[in-house]
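Residue strings, one per chain:
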Amino acid sequence: MKSSLVWFRHDLRLDDNPALLAAIERGESMVPVFVWSPEEEGKWPPGSASRWWLHHSLTSLRQQLRSLGSDLVIRRGNTLAELQRLGEECRADAVFWNRRYEPAIVERDTALKSALRQRGWTVQSFNGQLLFEPTQLQTRGGQPFQVFTPFWKACLAHSEPNEPEPAPDRLPAPKTWPQSEQLEALRLLPKIDWASGMRAAWQPGSEGAVQRLQSFLEAGLETYPTDRDRPDRVGVSSISPHLHFGEIGPRRVWHEVKRLAVREKRATLDRAAESYLRELGWREFGHHLLYHFPRTTDAPLRAEFAAFPWYDRPNEVTAWQRGQTGYPLVDAGMRQLWTTGWMHNRVRMVVASFLVKDLLVPWQTGARWFWDTLVDADLANNTLGWQWSAGCGADSAPFFRIFNPVMQGERFDPLGEYVRRWVPELSQLVVPWLHRPWTASPAMLAEAGVELGKTYPFPLVDHAEARHRALTAFEGLKRT
DNA sequence: TGTTTTTTACT
DNA sequence: GTAAAAAAC
(Lines give C-alpha, C1' and ligand atoms only; values in the text may rest on other atoms or scores of the structure.)
Protein backbone atom coordinates (compact mmCIF):
# COMPACT_ATOMS: atom_id res chain seq x y z
CA MET A 1 0.00 0.00 0.00
CA LYS A 2 1.32 3.42 -0.98
CA SER A 3 1.46 6.17 1.54
CA SER A 4 1.13 9.96 1.41
CA LEU A 5 3.20 12.48 3.33
CA VAL A 6 1.70 15.59 4.86
CA TRP A 7 4.49 18.09 5.27
CA PHE A 8 3.61 20.43 8.15
CA ARG A 9 5.12 23.92 8.07
CA HIS A 10 3.22 27.05 9.07
CA ASP A 11 -0.06 25.18 9.36
CA LEU A 12 0.29 23.45 12.72
CA ARG A 13 -3.39 22.55 13.05
CA LEU A 14 -5.78 19.78 12.03
CA ASP A 15 -8.86 21.84 11.14
CA ASP A 16 -9.02 24.05 8.03
CA ASN A 17 -6.05 22.15 6.64
CA PRO A 18 -6.48 21.37 2.94
CA ALA A 19 -3.18 19.52 2.62
CA LEU A 20 -4.13 17.14 5.41
CA LEU A 21 -7.56 16.52 3.89
CA ALA A 22 -6.07 15.88 0.47
CA ALA A 23 -3.78 13.24 1.92
CA ILE A 24 -6.64 11.54 3.72
CA GLU A 25 -8.88 11.62 0.67
CA ARG A 26 -6.22 9.82 -1.30
CA GLY A 27 -7.50 6.86 0.70
CA GLU A 28 -4.23 5.35 1.83
CA SER A 29 -2.09 5.66 4.88
CA MET A 30 -0.71 9.02 5.77
CA VAL A 31 2.52 10.11 7.45
CA PRO A 32 2.67 13.61 8.98
CA VAL A 33 6.18 15.04 8.92
CA PHE A 34 7.95 18.15 10.12
CA VAL A 35 11.42 18.96 8.80
CA TRP A 36 13.65 21.36 10.72
CA SER A 37 15.81 23.08 8.09
CA PRO A 38 16.50 26.67 9.14
CA GLU A 39 19.40 26.94 6.68
CA GLU A 40 16.83 26.80 3.87
CA GLU A 41 15.17 30.02 5.05
CA GLY A 42 17.78 32.36 3.59
CA LYS A 43 18.70 35.36 5.71
CA TRP A 44 15.63 34.93 7.90
CA PRO A 45 15.73 31.62 9.76
CA PRO A 46 13.44 31.54 12.83
CA GLY A 47 14.65 33.72 15.73
CA SER A 48 15.02 32.73 19.38
CA ALA A 49 11.46 33.52 20.46
CA SER A 50 9.99 31.79 17.40
CA ARG A 51 12.02 28.67 18.14
CA TRP A 52 10.72 28.58 21.67
CA TRP A 53 7.17 28.84 20.35
CA LEU A 54 7.76 26.25 17.64
CA HIS A 55 8.98 23.68 20.16
CA HIS A 56 5.78 23.92 22.16
CA SER A 57 3.56 24.13 19.11
CA LEU A 58 5.07 20.93 17.71
CA THR A 59 4.52 19.25 21.07
CA SER A 60 0.87 20.24 20.88
CA LEU A 61 0.47 19.14 17.26
CA ARG A 62 2.09 15.77 17.94
CA GLN A 63 -0.25 15.19 20.86
CA GLN A 64 -3.31 15.98 18.74
CA LEU A 65 -2.12 13.69 15.96
CA ARG A 66 -1.56 10.89 18.47
CA SER A 67 -5.03 11.30 19.90
CA LEU A 68 -6.40 10.57 16.42
CA GLY A 69 -4.28 7.45 16.00
CA SER A 70 -1.45 9.07 14.09
CA ASP A 71 1.88 10.69 15.03
CA LEU A 72 4.36 13.33 13.91
CA VAL A 73 7.63 12.30 12.29
CA ILE A 74 10.36 14.86 12.93
CA ARG A 75 13.40 15.13 10.69
CA ARG A 76 16.11 17.71 10.16
CA GLY A 77 18.54 18.61 7.42
CA ASN A 78 17.97 18.99 3.71
CA THR A 79 14.23 18.88 3.10
CA LEU A 80 14.33 17.29 -0.33
CA ALA A 81 16.67 14.56 0.87
CA GLU A 82 14.60 13.91 3.99
CA LEU A 83 11.30 13.73 2.12
CA GLN A 84 12.79 11.33 -0.41
CA ARG A 85 14.29 9.16 2.28
CA LEU A 86 10.97 9.12 4.10
CA GLY A 87 9.27 8.23 0.83
CA GLU A 88 11.49 5.17 0.50
CA GLU A 89 11.09 4.18 4.12
CA CYS A 90 7.31 4.21 4.12
CA ARG A 91 6.67 3.62 0.41
CA ALA A 92 5.18 7.07 -0.06
CA ASP A 93 4.95 8.62 -3.49
CA ALA A 94 2.90 11.69 -2.69
CA VAL A 95 3.39 14.78 -0.57
CA PHE A 96 0.93 17.54 0.28
CA TRP A 97 1.58 20.86 1.96
CA ASN A 98 0.09 24.29 2.56
CA ARG A 99 1.91 27.15 0.92
CA ARG A 100 4.19 29.73 2.49
CA TYR A 101 5.02 33.05 0.82
CA GLU A 102 8.46 34.10 2.10
CA PRO A 103 10.97 34.59 -0.74
CA ALA A 104 13.48 31.90 0.28
CA ILE A 105 10.67 29.45 1.03
CA VAL A 106 8.91 30.03 -2.30
CA GLU A 107 12.19 29.40 -4.09
CA ARG A 108 12.94 26.25 -2.08
CA ASP A 109 9.41 24.87 -2.47
CA THR A 110 9.33 25.49 -6.21
CA ALA A 111 12.57 23.60 -6.72
CA LEU A 112 11.46 20.82 -4.41
CA LYS A 113 8.13 20.42 -6.16
CA SER A 114 9.70 19.97 -9.59
CA ALA A 115 12.43 17.67 -8.26
CA LEU A 116 9.90 15.33 -6.65
CA ARG A 117 7.60 15.39 -9.66
CA GLN A 118 10.51 14.44 -11.89
CA ARG A 119 10.93 11.40 -9.71
CA GLY A 120 7.30 10.47 -10.28
CA TRP A 121 5.81 11.80 -7.04
CA THR A 122 2.37 13.31 -6.73
CA VAL A 123 2.94 16.76 -5.27
CA GLN A 124 0.24 19.27 -4.45
CA SER A 125 0.25 22.49 -2.45
CA PHE A 126 -2.70 24.44 -1.05
CA ASN A 127 -3.65 27.75 0.44
CA GLY A 128 -4.04 27.38 4.16
CA GLN A 129 -2.47 30.62 5.37
CA LEU A 130 -4.27 33.41 3.54
CA LEU A 131 -7.78 34.58 2.70
CA PHE A 132 -6.78 34.97 -0.94
CA GLU A 133 -3.80 33.96 -3.03
CA PRO A 134 -1.49 36.87 -3.88
CA THR A 135 -2.17 36.31 -7.58
CA GLN A 136 -5.94 36.52 -7.09
CA LEU A 137 -6.02 40.26 -6.46
CA GLN A 138 -4.73 43.02 -8.67
CA THR A 139 -5.46 46.60 -9.64
CA ARG A 140 -7.36 47.42 -12.81
CA GLY A 141 -3.98 47.92 -14.40
CA GLY A 142 -3.10 44.35 -13.55
CA GLN A 143 -0.51 45.36 -10.95
CA PRO A 144 -0.24 44.29 -7.31
CA PHE A 145 -1.93 46.74 -4.95
CA GLN A 146 0.43 49.07 -3.12
CA VAL A 147 -2.18 51.03 -1.18
CA PHE A 148 -4.11 49.33 1.59
CA THR A 149 -7.59 50.83 1.21
CA PRO A 150 -8.20 49.81 -2.41
CA PHE A 151 -6.56 46.45 -1.64
CA TRP A 152 -9.00 45.81 1.19
CA LYS A 153 -11.95 46.97 -0.90
CA ALA A 154 -10.96 44.44 -3.52
CA CYS A 155 -10.80 41.73 -0.83
CA LEU A 156 -14.26 42.61 0.41
CA ALA A 157 -15.64 42.68 -3.13
CA HIS A 158 -14.17 39.25 -3.89
CA SER A 159 -16.22 36.12 -3.26
CA GLU A 160 -15.74 35.11 0.35
CA PRO A 161 -13.07 32.62 1.34
CA ASN A 162 -14.54 29.14 1.90
CA GLU A 163 -15.81 28.06 5.29
CA PRO A 164 -13.03 26.04 6.92
CA GLU A 165 -13.32 22.28 7.05
CA PRO A 166 -13.40 20.70 10.51
CA ALA A 167 -10.57 18.49 11.73
CA PRO A 168 -10.86 14.86 10.62
CA ASP A 169 -12.03 12.48 13.35
CA ARG A 170 -9.52 9.78 12.50
CA LEU A 171 -6.24 9.59 10.64
CA PRO A 172 -5.09 6.56 8.61
CA ALA A 173 -1.77 5.51 10.13
CA PRO A 174 0.95 3.45 8.43
CA LYS A 175 1.53 -0.13 9.64
CA THR A 176 4.97 0.74 10.90
CA TRP A 177 6.27 4.18 11.74
CA PRO A 178 9.53 5.45 10.26
CA GLN A 179 12.28 6.68 12.55
CA SER A 180 11.82 10.17 14.00
CA GLU A 181 14.11 12.66 15.71
CA GLN A 182 13.34 13.54 19.28
CA LEU A 183 11.86 17.02 19.40
CA GLU A 184 14.47 17.93 22.02
CA ALA A 185 17.23 17.07 19.53
CA LEU A 186 16.26 20.10 17.44
CA ARG A 187 17.44 22.27 20.36
CA LEU A 188 14.72 24.86 19.84
CA LEU A 189 14.55 25.76 23.52
CA PRO A 190 17.02 28.31 24.95
CA LYS A 191 20.10 27.02 26.76
CA ILE A 192 19.59 29.45 29.60
CA ASP A 193 15.95 29.65 30.54
CA TRP A 194 14.78 33.15 29.66
CA ALA A 195 11.33 31.98 28.68
CA SER A 196 9.44 32.11 31.98
CA GLY A 197 7.66 35.33 30.97
CA MET A 198 6.62 33.67 27.74
CA ARG A 199 5.32 30.56 29.43
CA ALA A 200 3.22 32.78 31.65
CA ALA A 201 1.82 34.75 28.71
CA TRP A 202 1.15 32.10 26.07
CA GLN A 203 -0.22 28.69 25.28
CA PRO A 204 1.30 27.67 21.95
CA GLY A 205 -0.72 25.25 19.85
CA SER A 206 -4.11 25.26 18.19
CA GLU A 207 -6.04 24.77 21.44
CA GLY A 208 -4.51 27.94 22.82
CA ALA A 209 -5.27 29.67 19.54
CA VAL A 210 -8.94 28.78 19.60
CA GLN A 211 -9.25 29.73 23.26
CA ARG A 212 -7.70 33.13 22.58
CA LEU A 213 -10.07 33.79 19.70
CA GLN A 214 -13.12 32.61 21.63
CA SER A 215 -12.44 34.72 24.67
CA PHE A 216 -11.76 37.73 22.47
CA LEU A 217 -15.01 37.24 20.57
CA GLU A 218 -16.94 36.90 23.81
CA ALA A 219 -15.35 39.70 25.77
CA GLY A 220 -13.25 41.95 23.56
CA LEU A 221 -14.64 42.37 20.07
CA GLU A 222 -17.33 44.88 20.92
CA THR A 223 -14.86 47.42 22.31
CA TYR A 224 -12.12 46.63 19.79
CA PRO A 225 -12.37 49.84 17.72
CA THR A 226 -11.23 51.99 20.63
CA ASP A 227 -9.55 49.56 23.02
CA ARG A 228 -7.25 48.22 20.32
CA ASP A 229 -5.17 51.37 20.81
CA ARG A 230 -4.88 50.94 24.57
CA PRO A 231 -1.83 48.97 25.69
CA ASP A 232 -3.03 49.30 29.28
CA ARG A 233 -6.12 47.20 28.50
CA VAL A 234 -6.83 43.76 27.12
CA GLY A 235 -8.23 45.28 23.96
CA VAL A 236 -6.80 43.02 21.25
CA SER A 237 -7.06 39.32 20.45
CA SER A 238 -3.34 38.45 20.68
CA ILE A 239 -3.71 35.69 18.12
CA SER A 240 -0.77 36.89 15.99
CA PRO A 241 1.70 34.12 16.98
CA HIS A 242 -1.02 31.51 16.52
CA LEU A 243 -1.77 32.87 13.06
CA HIS A 244 1.92 32.97 12.20
CA PHE A 245 2.40 29.28 12.91
CA GLY A 246 -0.92 28.41 11.37
CA GLU A 247 -2.37 27.07 14.61
CA ILE A 248 -5.48 28.84 13.47
CA GLY A 249 -6.17 29.99 9.92
CA PRO A 250 -7.43 33.38 8.76
CA ARG A 251 -10.47 31.78 7.10
CA ARG A 252 -11.69 30.51 10.45
CA VAL A 253 -11.13 33.91 12.07
CA TRP A 254 -13.00 35.60 9.21
CA HIS A 255 -16.01 33.31 9.41
CA GLU A 256 -16.25 33.21 13.21
CA VAL A 257 -16.16 36.99 13.43
CA LYS A 258 -18.79 37.35 10.70
CA ARG A 259 -21.01 34.69 12.20
CA LEU A 260 -20.99 36.45 15.56
CA ALA A 261 -21.81 39.82 14.00
CA VAL A 262 -24.67 38.35 11.98
CA ARG A 263 -26.07 36.48 14.98
CA GLU A 264 -26.00 39.48 17.33
CA LYS A 265 -27.29 42.07 14.85
CA ARG A 266 -25.94 45.08 16.71
CA ALA A 267 -24.50 48.06 14.91
CA THR A 268 -21.60 48.45 17.34
CA LEU A 269 -20.65 44.82 16.88
CA ASP A 270 -20.88 45.14 13.10
CA ARG A 271 -18.50 48.07 13.22
CA ALA A 272 -16.20 46.20 15.58
CA ALA A 273 -16.14 43.16 13.31
CA GLU A 274 -15.32 45.37 10.36
CA SER A 275 -12.54 47.04 12.29
CA TYR A 276 -11.04 43.74 13.45
CA LEU A 277 -11.24 42.07 10.05
CA ARG A 278 -9.53 45.12 8.60
CA GLU A 279 -6.49 44.20 10.69
CA LEU A 280 -6.65 40.70 9.27
CA GLY A 281 -6.59 42.61 5.98
CA TRP A 282 -3.28 44.25 6.92
CA ARG A 283 -1.83 40.80 7.52
CA GLU A 284 -3.13 39.74 4.13
CA PHE A 285 -1.74 42.90 2.51
CA GLY A 286 1.69 42.24 4.04
CA HIS A 287 1.80 38.71 2.66
CA HIS A 288 0.68 39.74 -0.81
CA LEU A 289 3.27 42.54 -0.86
CA LEU A 290 6.07 40.25 0.21
CA TYR A 291 5.12 37.76 -2.46
CA HIS A 292 5.18 40.41 -5.18
CA PHE A 293 8.16 42.40 -3.83
CA PRO A 294 10.46 39.77 -2.32
CA ARG A 295 13.48 42.06 -1.96
CA THR A 296 11.65 44.32 0.51
CA THR A 297 12.72 42.15 3.46
CA ASP A 298 16.06 43.95 3.23
CA ALA A 299 15.66 46.90 0.85
CA PRO A 300 13.23 49.82 0.89
CA LEU A 301 10.32 49.46 -1.53
CA ARG A 302 10.64 53.13 -2.43
CA ALA A 303 13.99 53.21 -4.13
CA GLU A 304 14.86 56.81 -3.20
CA PHE A 305 15.21 55.72 0.43
CA ALA A 306 18.33 53.75 -0.44
CA ALA A 307 20.12 57.12 -0.24
CA PHE A 308 18.72 58.08 3.18
CA PRO A 309 21.47 59.10 5.63
CA TRP A 310 20.87 56.52 8.37
CA TYR A 311 23.43 56.12 11.12
CA ASP A 312 24.37 53.03 13.03
CA ARG A 313 24.54 54.06 16.65
CA PRO A 314 25.44 50.91 18.56
CA ASN A 315 25.12 52.38 22.06
CA GLU A 316 21.76 53.94 21.33
CA VAL A 317 20.50 50.77 19.70
CA THR A 318 21.51 48.84 22.81
CA ALA A 319 19.68 51.33 25.03
CA TRP A 320 16.60 50.92 22.83
CA GLN A 321 16.79 47.12 22.94
CA ARG A 322 17.10 47.09 26.71
CA GLY A 323 14.33 49.59 27.35
CA GLN A 324 16.70 52.27 28.63
CA THR A 325 15.95 55.21 26.33
CA GLY A 326 14.57 57.47 29.06
CA TYR A 327 11.20 57.65 27.32
CA PRO A 328 8.88 55.61 29.56
CA LEU A 329 6.43 54.41 26.90
CA VAL A 330 9.26 53.30 24.61
CA ASP A 331 11.01 51.52 27.46
CA ALA A 332 7.81 49.86 28.64
CA GLY A 333 7.23 48.45 25.16
CA MET A 334 10.77 47.17 24.73
CA ARG A 335 10.65 45.45 28.11
CA GLN A 336 7.25 43.92 27.41
CA LEU A 337 8.80 42.52 24.23
CA TRP A 338 11.83 41.11 26.01
CA THR A 339 9.76 39.51 28.75
CA THR A 340 6.74 38.17 26.89
CA GLY A 341 7.90 37.96 23.27
CA TRP A 342 5.12 40.34 22.25
CA MET A 343 4.41 44.06 22.20
CA HIS A 344 1.14 45.91 21.78
CA ASN A 345 0.83 47.23 18.24
CA ARG A 346 0.29 50.85 19.24
CA VAL A 347 3.57 50.67 21.16
CA ARG A 348 5.31 48.89 18.28
CA MET A 349 4.59 51.95 16.15
CA VAL A 350 5.94 54.25 18.84
CA VAL A 351 9.18 52.33 19.46
CA ALA A 352 9.74 51.91 15.71
CA SER A 353 9.23 55.62 15.10
CA PHE A 354 11.65 56.35 17.93
CA LEU A 355 14.40 54.09 16.55
CA VAL A 356 14.02 55.15 12.96
CA LYS A 357 13.19 58.84 13.29
CA ASP A 358 14.50 60.01 16.66
CA LEU A 359 17.69 57.94 16.43
CA LEU A 360 17.93 57.72 12.60
CA VAL A 361 18.91 54.07 12.89
CA PRO A 362 18.17 51.96 9.78
CA TRP A 363 14.80 50.23 10.00
CA GLN A 364 16.48 46.93 9.17
CA THR A 365 18.23 47.05 12.56
CA GLY A 366 14.86 47.25 14.28
CA ALA A 367 13.41 44.57 12.05
CA ARG A 368 16.24 42.21 13.04
CA TRP A 369 15.65 42.78 16.75
CA PHE A 370 11.93 42.17 16.42
CA TRP A 371 12.67 39.11 14.33
CA ASP A 372 14.70 37.58 17.12
CA THR A 373 12.52 38.58 20.06
CA LEU A 374 8.89 38.37 18.88
CA VAL A 375 6.94 35.15 19.23
CA ASP A 376 4.79 36.41 16.35
CA ALA A 377 7.82 37.32 14.19
CA ASP A 378 6.47 37.02 10.66
CA LEU A 379 8.54 38.07 7.67
CA ALA A 380 5.59 39.60 5.81
CA ASN A 381 4.16 41.51 8.77
CA ASN A 382 7.54 42.53 10.15
CA THR A 383 8.68 43.86 6.78
CA LEU A 384 5.44 45.75 6.22
CA GLY A 385 5.47 47.21 9.72
CA TRP A 386 9.05 48.46 9.62
CA GLN A 387 8.83 49.87 6.13
CA TRP A 388 5.58 51.56 7.12
CA SER A 389 7.24 53.08 10.17
CA ALA A 390 10.30 54.22 8.23
CA GLY A 391 8.14 55.76 5.53
CA CYS A 392 9.86 53.81 2.76
CA GLY A 393 7.26 51.13 2.04
CA ALA A 394 3.88 50.65 0.41
CA ASP A 395 1.18 52.97 1.73
CA SER A 396 3.57 54.13 4.44
CA ALA A 397 3.22 56.80 6.99
CA PRO A 398 4.91 59.80 5.36
CA PHE A 399 8.36 60.29 6.77
CA PHE A 400 7.36 63.54 8.45
CA ARG A 401 4.77 61.67 10.52
CA ILE A 402 6.83 61.34 13.68
CA PHE A 403 5.35 59.95 16.89
CA ASN A 404 5.89 61.96 20.04
CA PRO A 405 6.47 59.26 22.69
CA VAL A 406 5.26 61.51 25.51
CA MET A 407 2.07 62.51 23.78
CA GLN A 408 1.38 58.92 22.73
CA GLY A 409 1.78 57.86 26.35
CA GLU A 410 -0.59 60.51 27.59
CA ARG A 411 -3.17 59.65 24.98
CA PHE A 412 -3.07 55.85 24.97
CA ASP A 413 -1.86 55.06 28.50
CA PRO A 414 -3.70 57.91 30.26
CA LEU A 415 -3.41 56.50 33.77
CA GLY A 416 0.13 55.24 33.21
CA GLU A 417 -0.78 51.67 34.10
CA TYR A 418 1.09 50.19 31.17
CA VAL A 419 4.26 52.13 31.97
CA ARG A 420 4.01 51.28 35.68
CA ARG A 421 3.74 47.61 34.90
CA TRP A 422 6.84 47.43 32.71
CA VAL A 423 8.94 50.24 34.18
CA PRO A 424 8.46 49.63 37.89
CA GLU A 425 11.22 52.04 38.92
CA LEU A 426 8.89 54.87 37.87
CA SER A 427 5.76 53.41 39.42
CA GLN A 428 5.51 55.99 42.21
CA LEU A 429 5.31 58.87 39.75
CA VAL A 430 1.89 60.18 38.73
CA VAL A 431 0.79 61.20 35.27
CA PRO A 432 1.64 63.32 33.43
CA TRP A 433 5.18 63.23 34.87
CA LEU A 434 5.26 59.46 34.62
CA HIS A 435 5.45 59.88 30.85
CA ARG A 436 8.13 62.60 31.06
CA PRO A 437 10.03 62.21 34.33
CA TRP A 438 12.73 64.73 33.36
CA THR A 439 10.14 67.51 33.70
CA ALA A 440 9.21 66.57 37.26
CA SER A 441 10.52 68.73 40.10
CA PRO A 442 13.44 67.43 42.17
CA ALA A 443 11.10 67.11 45.14
CA MET A 444 8.61 65.06 43.18
CA LEU A 445 11.33 62.76 41.86
CA ALA A 446 12.77 62.31 45.35
CA GLU A 447 9.32 61.54 46.69
CA ALA A 448 8.87 58.86 44.02
CA GLY A 449 12.31 57.40 44.67
CA VAL A 450 13.53 58.30 41.20
CA GLU A 451 17.06 59.54 40.62
CA LEU A 452 17.49 60.39 36.94
CA GLY A 453 20.74 59.06 35.55
CA LYS A 454 20.82 56.45 38.34
CA THR A 455 17.55 54.60 38.80
CA TYR A 456 16.19 55.61 35.40
CA PRO A 457 18.02 57.23 32.46
CA PHE A 458 17.77 60.78 31.19
CA PRO A 459 16.21 60.90 27.71
CA LEU A 460 18.62 59.51 25.14
CA VAL A 461 17.78 62.40 22.80
CA ASP A 462 15.61 65.48 23.03
CA HIS A 463 12.54 64.59 21.02
CA ALA A 464 12.00 68.08 19.59
CA GLU A 465 15.62 68.29 18.43
CA ALA A 466 15.58 64.74 17.13
CA ARG A 467 12.42 65.48 15.19
CA HIS A 468 14.06 68.47 13.50
CA ARG A 469 17.15 66.41 12.73
CA ALA A 470 14.99 63.76 11.06
CA LEU A 471 13.02 66.31 9.05
CA THR A 472 16.27 67.89 7.87
CA ALA A 473 17.60 64.51 6.78
CA PHE A 474 14.36 63.91 4.91
CA GLU A 475 14.61 67.32 3.20
CA GLY A 476 18.02 66.30 1.87
CA LEU A 477 16.52 63.13 0.44
CA LYS A 478 13.74 64.98 -1.34
CA ARG A 479 16.23 67.30 -3.09
CA THR A 480 18.29 64.48 -4.57
C1' DT B 1 -2.63 54.20 12.69
C1' DG B 2 1.17 62.19 13.77
C1' DT B 3 2.64 66.56 15.45
C1' DT B 4 3.25 71.30 15.29
C1' DT B 5 2.20 75.69 13.64
C1' DT B 6 -0.87 78.84 11.52
C1' DT B 7 -5.33 80.49 10.44
C1' DT B 8 -9.99 81.26 11.40
C1' DA B 9 -14.15 81.94 14.08
C1' DC B 10 -16.06 83.58 17.85
C1' DT B 11 -16.37 85.85 22.36
C1' DG C 1 -8.03 85.27 24.43
C1' DT C 2 -9.42 80.71 23.25
C1' DA C 3 -10.49 76.73 20.65
C1' DA C 4 -11.39 74.50 16.58
C1' DA C 5 -10.01 73.84 11.89
C1' DA C 6 -6.65 73.89 8.42
C1' DA C 7 -2.14 73.77 6.72
C1' DA C 8 2.56 72.52 6.90
C1' DC C 9 6.01 69.54 8.06
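All of these numbers come straight from a predicted model, not from anything done at the bench.

A.B. asks: With reference to specific residues and values, describe the nonpolar core.
C.D. replies: Counting residues in each nonpolar core, the largest one holds 68 residues, and the members touching the most others are Phe-8, Leu-221, Val-253 and Tyr-276. With eight residues, the single largest contributor to this core is helix H11 (residues 267–292). Among the nonpolar cores identified, the runner-up in size contains 62 residues, and Met-349, Phe-370, Leu-452 and Tyr-456 belong to it.

A.B. asks: Run through the packing of aromatic side chains, naming residues and quoting values.
C.D. replies: Each aromatic ring pair is described using two quantities: the centre-to-centre distance and the angle formed by the ring planes. Scanning all chains against the criterion turns up 31 aromatic pairs. Between Trp-338 and Trp-369 the ring centres are 5.7 Å apart and the planes differ by 10 degrees, which places this aromatic pair in the stacked class. In this pair, Trp-338 is assigned in helix H13 (residues 328–340) and Trp-369 in helix H15 (residues 363–373), connecting sequence segments 31 residues apart. In this structure Trp-338 comes out as exposed when scored by relative accessible area, which is 53%.

A.B. asks: Lay out the protein's contact with DNA strand B with the relevant residues and their values.
C.D. replies: Of all residues adjacent to DNA strand B, which total 13 residues, the nearest are Trp-282, Arg-401, Ile-402, Met-407 and Arg-411. Sugar and phosphate atoms form 55% of the subset of DNA strand B atoms that lie within 4 Å of the protein. Taking Arg-401, its side chain carries an N or O atom lying 2.8 Å from a phosphate oxygen of DNA strand B. Measuring from a phosphate oxygen of DNA strand B, one finds a side-chain N or O atom of Gln-408 at 3.1 Å. Secondary-structure elements contributing two or more residues to the surface near DNA strand B are helix H14 (345–358) and helix H17 (405–412).

A.B. asks: Explain empty space enclosed by the protein residue by residue, including any values.
C.D. replies: Applying the stated rule across the entire model yields three cavities of 30 Å³ or more. Here the largest cavity defines a volume of roughly 90 Å³. As for the largest cavity, its lining consists of Gly-286, Leu-289, Leu-290, Phe-293, Thr-296, Leu-301, Ala-380, Thr-383, Leu-384, Gln-387, Gly-393 and Ala-394. Of all the secondary-structure elements, those providing two or more residues to the lining of the largest cavity are H11 and helix H16 (379–390). The element best represented in the lining of the largest cavity is H16, accounting for four residues. For the lining of the largest cavity, the residue count by class is seven nonpolar, five polar and no charged. Forming the boundary of the second largest cavity are Leu-137, Pro-144, Phe-145, Phe-151, Phe-285, His-288, Leu-289 and His-292. Top element by residues in the lining of the second largest cavity is H11. It accounts for four residues. Its residues assigned to classes, the lining of the second largest cavity shows six nonpolar, two polar and no charged.

A.B. asks: Go over the pattern of salt bridges, please, and point to the residues and values.
C.D. replies: Using the criterion set out here, one finds 32 salt bridges in the structure. Residue Asp-15 is joined to Arg-252 by a salt bridge in which the shortest nitrogen-to-oxygen separation is 3.3 Å. Linking Asp-15 in the loop between strand S1 (3–8) and helix H1 (18–25) with Arg-252 in helix H10 (residues 250–264), this pair joins segments that are 237 residues apart in sequence. Here Asp-15 matches Arg-252 in class, with each residue buried. Taken together, the shared-partner salt bridges in this structure form one network comprising Arg-9, Glu-40, Arg-108 and Asp-109.

A.B. asks: If you had to explain the pairing of strand S5 (residues 122–126) to someone new, which residues and values would you point to?
C.D. replies: Along any regular strand the residues' side chains alternate between the sheet's two faces. Both strand S4 (residues 92–98) and S5 contribute to a ladder of five bridges, which runs parallel. Of the residues in S5, the one forming a bridge with Phe-96 is Gln-124. In this view, the connection linking S4 to its parallel neighbour S5 by way of helix H4 (residues 103–118) has right-handed handedness.

A.B. asks: Mind laying out H10, listing which residues take part and the relevant values?
C.D. replies: Here H10 spans 21 Å end to end across 15 residues, near enough to the 21 Å set by a 1.5 Å rise per residue. Among the residues of H10, Pro-250, Arg-251, Arg-252, Val-253, Trp-254, His-255, Glu-256, Val-257, Leu-260 and Ala-261 are the ones counted as buried. A positive phi of about 50 degrees marks Lys-265, the residue just after H10.

A.B. asks: Run through H4, naming residues and quoting values.
C.D. replies: With 16 residues, H4 should cover 22 Å at 1.5 Å per step; its first-to-last C-alpha distance of 23 Å lies within 8% of that length. Ile-105, Arg-108, Asp-109, Leu-112, Ala-115 and Leu-116 are the residues of H4 that are buried. Projected down its long axis, H4 carries its buried residues within an arc of 130 degrees, all on one side. Exposed side chains of H4 directed beyond 90 degrees from the buried face belong to Glu-107, Thr-110 and Gln-118.

A.B. asks: Just give me the short version of the layout of surface pockets, but keep the residues and values in it.
C.D. replies: Of the volumes computed, that of the largest pocket is approximately 1,200 Å³. Along the wall of the largest pocket there are 40 residues; nearest its centre are Glu-279, Trp-282, Asn-345, Arg-348 and Asn-381. Within the residue set of the lining of the largest pocket, elements represented by two or more residues are helix H9 (240–244), H11, H14 and H16. Among the elements that make up the lining of the largest pocket, the one with the highest residue count is H16 (seven residues). Looking at the lining of the largest pocket residue by residue, the classes come out as 17 nonpolar, twelve polar and eleven charged. Roughly 550 Å³ of volume is contained in the second largest pocket. The wall of the second largest pocket is formed by 23 residues, among which Arg-233, Val-234, Ser-238, Trp-342 and Arg-421 lie closest to the centre. Contributions of two or more residues to the lining of the second largest pocket are made by helix H7 (206–219), H13 and helix H18 (417–422). Partitioning the lining of the second largest pocket into residue classes produces ten nonpolar, eight polar and five charged.

About the thresholds
- Residues numbered from 1 in each chain as written.
- Chains lettered and ligands numbered in written order.
- Predicted model: local features only at pLDDT ≥ 70, side-chain atom pairs only at ≥ 80, totals over all residues.
- Heavy atoms only, no water.
- Core = buried A, V, L, I, M, F, W, Y, C linked by side-chain atoms within 4.5 Å.
- Buried < 20%, exposed > 50% of the residue type's maximum accessible area, 1.4 Å probe, protein only.
- Helix = DSSP H or I, 4+ residues; strand = E, 2+ residues; numbered from the N terminus.
- Phe/Tyr/Trp six-rings, centres within 6.5 Å; stacked < 30°, edge-to-face > 60°.
- Near = heavy atom within 4 Å.
- Polar contact = N/O pair within 3.5 Å; in protein donor to acceptor, adjacent residues only side chain to side chain.
- 1 Å grid on protein atoms, 1.4 Å probe; cavity = no way out; pocket = protein on both sides within 12 Å on 5 of 7 lines; lining within 4 Å.
- Points joined across faces, edges and corners; volume = space filled by probe spheres on them.
- Nonpolar A, V, L, I, M, F, W, Y, C, P; charged D, E, K, R; others polar.
- Salt bridge = Lys/Arg side-chain N within 4 Å of Asp/Glu carboxyl O.
- Pairing = 2+ DSSP bridges.
- Right-handed = clockwise from strand over helix to strand, strands pointing away.
- Expected span 1.5 Å × (residues − 1).
- Arc of directions from axis to C-beta.

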